[in-house]
Amino acid sequence: MLMDDESNVTYITFDGFTAYILIICSNSTIVCLIWIHKNLHEPMYIFIAALLLNSVFFSTVVFPKLLIDFLSEKQITSLPACLCQCFMYYNFLIAEFLLLSAMAYDRYVSICKPLQYPNIMTKTTVTILMLLAWILPACQVSVPILSNSNKKLCKFTLNGFFCKGTFINLYCVILKVSSVYAGFNLITIIFLPMIFILFTYTKIFIITYQSSRDVRKKAAQTCLPHLLVLISISFFTTFDYVLVTLESNLPKIAYLTMTFQMLMNHPLFNPIIYGLKMTEISNHLKKLFC
């Protein structure tokens with residue numbers, strides 16, 4: 001059965017609102033559990049809380065404005081607001097890769113250097129790694145955002161439903177330097193962390209393969225959720241790039257549906273994985289809801 005445009009609008013709006021509430025509730029629940037229970041005050045769980053909090057921030061950057069615009073007769077935004085949304089979108093997206101890198105390092109030290117773990121993964125180290133995960137992307141993303149803030153616009157209609165990389169097509173002149181810098185950012189803050197993560201987990205699996213069964217079981221229990229989340233965010237980033245490439249060739253309702261699915265699935269995937277696969281978190285969730 002085919003729906004008319006009004007039905008599509010109602011369905012997608014309700015779907016998006018419901019998803020946003022679920023994202024906030026599911027991620028915040030696990031963050032609160034980690035905050036409340038002292039046995040979860042360990043680096044691994046603190047990084048998980050930071051990752052889930054990052055998902056809430058990321059969703060808040062997109063969903064409220066997207067839903068408001070979609071319910072309005074005219075979708076209008078100012079250039080500063082657009083640049084701000086673009087900045088925060090990429091800042092929190094890139095921060096997830098860096099947080100996953102910090103989590104990979106934490107697992108490496110815990111499994112491969114257990115005796116040195118308390119001395120290496122101190123509160124200071126954990127705090128510095130988390131701050132760097134949010135500060136480094138902010139510094140790198142702010143450069144193109146600030147450099148484009150005073151440039152002249154030749155177009156005033158943005159393709160897409162929220163502000164991200166495609167806003168650069170609105171400017172009269174697109175400098176090659178911007179493209180080169182974007183490529184540099186892609187390599188340094190996405191590809192390099194991914195290579196580091198894959199190298200770290202490969203090292204872990206090689207060492208645990210030569211160890212006892214209990215060590216292998218512990219490594220699988222703690223590393224598998226992180227790898228699943230890495231696969232999810234990698235798929236999310238790839239899908240985002242494909243949507244940006246195809247957005248002008250897709251019908252509006254099809255593009256909106258695919259965008260909502262992309263924005264919903266990953267932030268909801270994270271708490272499900274950590275809630276089911278991390279034994280301590282799962283036990284606290286069972287006590288809370290059962």
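Quick note: structure is the one above.
These numbers come from a predicted model, not from an experiment. (Residues numbered from 1 in each chain as written. Predicted model: local features only at pLDDT ≥ 70, side-chain atom pairs only at ≥ 80, totals over all residues. Heavy atoms only, no water.)

### Remarks on the overall build of the protein
Summing up its helical and strand segments, the protein has nine helices and zero strands in all. Order of helices (α) and strands (β) in the protein, N terminus to C terminus: α-α-α-α-α-α-α-α-α. At a minimum sequence separation of 6, the contacts of the protein that also span at least 24 residues come to 79%. For the protein, the exposed surface amounts to about 16000 Å²; the carbon and sulfur share of it is 70%. (Helix = DSSP H or I, 4+ residues; strand = E, 2+ residues; numbered from the N terminus. Contact = heavy atoms within 4.5 Å. Areas by Shrake-Rupley, 256 points an atom, 1.4 Å probe, with all protein chains shown as cover.)

### Description of the side chain of T208
Here T208 is to be found in helix α6 (residues 176–209). A distance of 3.2 Å separates the side chain of T208 from the backbone oxygen of F205, its partner in a polar contact. Apart from the residues lying within four places of it in its own chain, the contact partners of T208 are I111, V215, R216 and A219. (Polar contact = N/O pair within 3.5 Å; in protein donor to acceptor, adjacent residues only side chain to side chain.)

### A look at the nonpolar core
Within the largest apolar cluster, 62 residues are counted, with the highest numbers of intra-cluster contacts made by I48, Y89, L100, L263 and Y274. Looking at this core, the elements that each hand over two or more residues are α1 (5–36), α2 (43–71), α3 (79–112), α5 (123–148), α6, α7 (213–246), α8 (252–277) and α9 (279–289). Not counting the four nearest positions on each side in its chain, L263 is found in contact with I23, F58, V62, F63, L66, F162 and F236. Membership of the second largest hydrophobic core comes to eight residues, among which are L83, C86, V141 and I145. (Core = buried A, V, L, I, M, F, W, Y, C linked by side-chain atoms within 4.5 Å. Buried < 20%, exposed > 50% of the residue type's maximum accessible area, 1.4 Å probe, protein only.)

### A few points about α3
Between its first and last C-alpha, α3 extends 49 Å over 34 residues, near the 50 Å set by a 1.5 Å rise per residue. Of all 34 residues in α3, 26 are buried, a share of seventy percent or more. (Expected span 1.5 Å × (residues − 1).)

### A word on a nonpolar patch on the surface
Together, I187, F191, L192 and I195 give the surface a local cluster of nonpolar side chains, amounting to about 380 Å² of exposed area. Among the structural elements, I187 can be located in helix α6. Relative accessible area serves as the criterion here: at 45%, I187 is assigned to the partly exposed category. (Patch = residues over 30% accessible without salt bridge, like charges linked within 9 Å, V, L, I, M, F, W, Y side chains within 5 Å. Salt bridge = Lys/Arg side-chain N within 4 Å of Asp/Glu carboxyl O.)

### Here we look at α9
Three or more residues of α9 are buried, namely I281, S282, H284 and L285. The buried residues of α9 occupy one face: seen down the axis, they fall within an arc of 165°. (Arc of directions from axis to C-beta.)

Geometric descriptors of this kind do not, in isolation, establish any biological role.
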